[in-house]
Amino acid sequence: RLEQPAAARRLIGLVLDAARHAAVPSVLAFALVVRAELDLACGQWAAARADAVESLHRAEELGQPAALGHALVAALRGDPDACHRWADRARAEVGPYGIASLRVAVPAVLGLAALTVGDPGSAVAQLDQAWHAAGVHGLGAVAVSPLAADLAEAQIRHGRPARAEDALACLDEA
């Protein structure tokens, strides 16, 4: 549970200030993503989008793959077509390496994109896929990421509140 978002935001701000002062772009890119996720969890979508966009610029300056970040920004903008294009590129960037976390992250961001445009059926399909992949690959902390909350919301909006119970229970345990 995120019980002290203001304290978390201050701490991340200190990390960002130190990274800027010391000119450490890799730390800056990561800390911006962390703050974007915090802002998402707190419902501050505009701030989350701004930090995600800046983080993407920093990652690209460093030559780091950034397609999944672009997919997230597209989802937050309510642009599912762009989100799908970027998600496809993220899959292509990892190619044959089979990075397990992408089996969770890609459908999770596609599910978010579906939620932002009011398509809970598609959101449920994508988020269920992400949820299953997280379990199969032993990727814990799904309550820390937006996955559990997004899945619960999608299930409820899709008229299946009973199916949201596992995700809600996960959030209660976090």
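Let us look at the structure shown here. (Residues numbered from 1 in each chain as written. Predicted model: local features only at pLDDT ≥ 70, side-chain atom pairs only at ≥ 80, totals over all residues. Heavy atoms only, no water.)

## Here's the deal with the overall build of the chain
Rules: Elements are defined by DSSP. Helices are runs of H or I of four residues or more, strands are runs of E of two residues or more, and each kind is numbered from the N terminus. We compute the radius of gyration over the C-alpha atoms and compare it with the globule rule, which gives 2.2 Å times the number of residues raised to the power 0.38. Under the scheme applied here, a residue whose accessible area is under 20% of the maximum for its type counts as buried, over 50% as exposed, and between as partly exposed, the area being computed with a 1.4 Å probe on protein chains only. Residue contacts are defined here by distance: any two heavy atoms, one from each residue, within 4.5 Å place the two residues in contact. In this tally Asp and Glu are treated as negative and Lys and Arg as positive; neither His nor the chain ends contributes. Throughout, a charge is located at the NZ atom of Lys, the CZ atom of Arg, the CG atom of Asp or the CD atom of Glu.
Per the secondary structure count, the chain includes 9 helices and 0 strands. The order of α-helices and β-strands along the chain, N terminus first, is α-α-α-α-α-α-α-α-α. Relative to a compact globule of 174 residues, whose C-alpha radius of gyration would be 16 Å, the chain shows 16 Å and is just as compact. Principal axes of the C-alpha set define a box for the chain whose edges measure 50 × 40 × 30 Å. Considering the chain as a whole, with its 174 residues, one finds that 37% of them fall into the buried category. Residue pairs at least 24 apart in sequence account for 51% of intrachain contacts in the chain once pairs closer than 6 positions are excluded. The average position of the 15 basic charges and that of the 20 acidic charges among the side chains of the chain differ by 3 Å.

## Description of the packing of helix H4 (residues 67-77) against helix H6 (residues 100-116)
Stated precisely, the cut-off is as follows: Helix axes are fitted to C-alpha atoms over the stretch in contact, other axes to C-alpha atoms as well, and angles between N-to-C directions run from 0 to 180 degrees. Oblique is the label for every angle not falling under 35 degrees (roughly parallel), over 145 degrees (roughly antiparallel), or within 65 to 115 degrees (roughly perpendicular). Whether a crossing is left-handed or right-handed is set by the direction in which the near helix is turned from the far one by less than a right angle, anticlockwise for left-handed and clockwise for right-handed. Throughout, the ten residues Ala, Val, Leu, Ile, Met, Phe, Trp, Tyr, Cys and Pro are labelled nonpolar, Asp, Glu, Lys and Arg are labelled charged, and all others, Gly among them, are labelled polar.
Following both chains from N to C, one finds H4 and H6 inclined at 20°, their axes separated by 8 Å at the closest point. Between H4 and H6, the angle is such that the two are roughly parallel. Note on packing geometry: the crossing formed by H4 with H6 is left-handed. Counted together, Leu68, Ala71, Leu72, Ala75 and Leu76 of H4 and Leu102, Ala105, Val106, Val109, Leu112, Ala113 and Thr116 of H6 form the full contact between these two elements. Each residue belonging to the contact of H4 with H6 can be placed in one class, and the counts come to 11 nonpolar, 1 polar and no charged.

## Side note on the side chain of Asp51
Selection criterion: N or O atoms closer than or at 3.5 Å make up a polar contact, with two conditions inside protein: a donor-capable atom paired with an acceptor-capable one, and, for residues adjacent in sequence, both atoms drawn from side chains.
Within the fold, Asp51 resides in helix H3 (residues 45-61). Here the side chain of Asp51 touches Arg35 through a polar contact of 2.6 Å, side chain to side chain. Excluding residues within four positions of it along the chain, Asp51 makes contact with Leu32, Arg35, Ala36 and Asp39.

## Section: the pattern of salt bridges
Condition: Salt bridges are defined by distance alone: a side-chain nitrogen of Lys or Arg within 4 Å of a carboxyl oxygen of Asp or Glu.
By the definition in use, this model includes 8 salt bridges. In this structure, Arg58 and Glu54 form a salt bridge, with 3.3 Å as the shortest nitrogen-oxygen distance. Of this pair, Arg58 and Glu54 both sit in helix H3, 4 residues apart, roughly one helical turn. Overall, the relative accessible area of 23% leaves Glu54 in the partly exposed class. Where Arg163 meets Asp128, a salt bridge forms, and the shortest distance between an N and an O atom there is 3.7 Å. Placement of the pair is Arg163 in the loop between helix H8 (147-157) and helix H9 (165-173) and Asp128 in helix H7 (residues 120-136), with a sequence separation of 35 residues. Looking at Asp128, the relative accessible area reads 24%, which means it is partly exposed. Because the salt bridges share partners, they merge into one network encompassing Arg20, Glu54 and Arg58.

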